[in-house]
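# Observations on chain architecture
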Amino acid sequence: MKAMVIKLTVIYKADLNDANSLDALQNLENECGQTKSLIAAIEDFISSSSTRLHGTSWDSVRSKLSLYLNALNLRYSIASSLAGDIKKANNSLSSYMGPYTELNTQYLEELNRLRAQYKNNLYNARTQYINLLNSTTEGTEQEKDIYVALREINRYSNLVSELDSKIEKIEGLEMADINAYSTLSSAIVDIAAYNTQVSSIVPSSNITSDML
């Protein structure tokens, strides 16, 4: 079955900024500290118990804990980098948006229609301006018409330029999203590896509650 690709259609700068302060990110940072403490406790038990707790069963306990230790080290690595990667991805998209508070691909058709209209108005204003300059008529009224034509040229030039910038941002939104998502790709691979590693740890029949 072909994987479904969800394209980003709308993005709000306020949402990106708010996402960087979510409790979930703080929980990831807390996870680092908790996992680090657990790693230290297991390492201490493995190293210190070898001189006090002997036998095949205890060797099995230490061997099994070593497997968990490997998984926990990967878990710590994921937690310590994921929060930063999420913020980096959000900041990347926020920076891409520039001055815009919203980018929505659903408005692209309408924006292109407006741009075509404004370009046509700009062409007409320039044509009128050239015709006025070439006219043999002189006087206050002509000067007024020239001023109006120049004002219209400036107005529609600015409108076309503004639409060009926004259309360019919207058309590039999918690639900007892909680039931001790529920041998280290594963490996603690590999470999959962590799940596989944990799933592969089979409880040992040599370890019983009587030993604890």
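As shown above, the structure is provided for reference.
Just so you know, these numbers come straight off a predicted model, no measurement behind them. (Residues numbered from 1 in each chain as written. Predicted model: local features only at pLDDT ≥ 70, side-chain atom pairs only at ≥ 80, totals over all residues. Heavy atoms only, no water.)

### Observations concerning the side chain of K13
With respect to the element layout, K13 can be found in helix α1 (residues 13-19). This buried residue, K13, is left without a salt bridge; E102 holds the nearest opposite charge, at 12 Å. In this view, K13 contacts S94, M97, G98, P99, Y100 and T101; residues no more than four positions away in its chain are not counted. (Helix = DSSP H or I, 4+ residues; strand = E, 2+ residues; numbered from the N terminus. Buried < 20%, exposed > 50% of the residue type's maximum accessible area, 1.4 Å probe, protein only. Lys, Arg positive; Asp, Glu negative; His and termini not counted. Salt bridge = Lys/Arg side-chain N within 4 Å of Asp/Glu carboxyl O. Contact = heavy atoms within 4.5 Å.)

### Let's talk about the nonpolar core
In terms of nonpolar packing, the biggest core is built from 28 residues, with I11, L93, L103, Y118 and L163 touching the most fellow members. Breaking this core down by element, the ones donating at least two residues are α2 (23-49), α3 (56-97), α4 (108-134), α5 (140-171) and α6 (173-199). Residues contacting I11, with those up to four places away along its chain left out, are L16, L93, M97, T101, E102, L103 and L173. I39, I42, I46 and L69 belong to the second-largest nonpolar core, a separate cluster that totals 5 residues. (Core = buried A, V, L, I, M, F, W, Y, C linked by side-chain atoms within 4.5 Å.)

### What about the environment of T35?
Mapped onto the elements, T35 comes out in helix α2. You can call T35 buried: its relative accessible area is 3%. Considering only alpha carbons, one finds T35 and N73, 38 residues apart in sequence, at a separation of 8.1 Å. Excluding anything up to four places from it in sequence, T35 contacts L72, R75 and Y76.

### Points about α6
Compared with an ideal rise of 1.5 Å per residue, which puts 27 residues at 39 Å, α6 spans 38 Å between its outermost C-alpha atoms and is within 8% of the ideal. For α6, the principal kink sits at L184 and spans about 40 degrees. Among the residues of α6, those classed as buried are L173, A176, A180, T183, L184, A187 and Y194. (Expected span 1.5 Å × (residues − 1). Bend = angle between axes of the 7 residues up to and from the residue.)

### Some words on α3
The terminal C-alpha atoms of α3 lie 62 Å apart, and with 42 residues this matches the ideal 62 Å at 1.5 Å per residue to within 8%. With its phi angle positive at about 60 degrees, G98 sits one or two positions after the end of α3.

### Looking at the pattern of salt bridges
Inspection of the entire model under this criterion finds 3 salt bridges. Taking the shortest distance from any N to any O, the salt bridge between E110 and R113 comes out at 2.6 Å. In this pair, E110 and R113 are both assigned in helix α4, 3 residues apart and thus about one turn of the helix distant. On the accessibility criterion, E110 (39% relative accessible area) is partly exposed. Residue R113 is classed as partly exposed on the basis of its relative accessible area, which comes to 44%. Among the ionic pairs, R115 bridges to D164, the shortest N-O distance being 2.9 Å. Taken together, the residues span a long stretch of sequence, with R115 in helix α4 and D164 in helix α5 at a distance of 49 residues. Its relative accessible area of 29% is what places D164 among the partly exposed residues.

### Some details on the environment of Y76
For Y76, the position within the fold is in helix α3. On the accessibility criterion, Y76 (29% relative accessible area) is partly exposed. Y76 has contacts with C32, T35, K36 and I39, leaving out every residue within four places of it along the chain.

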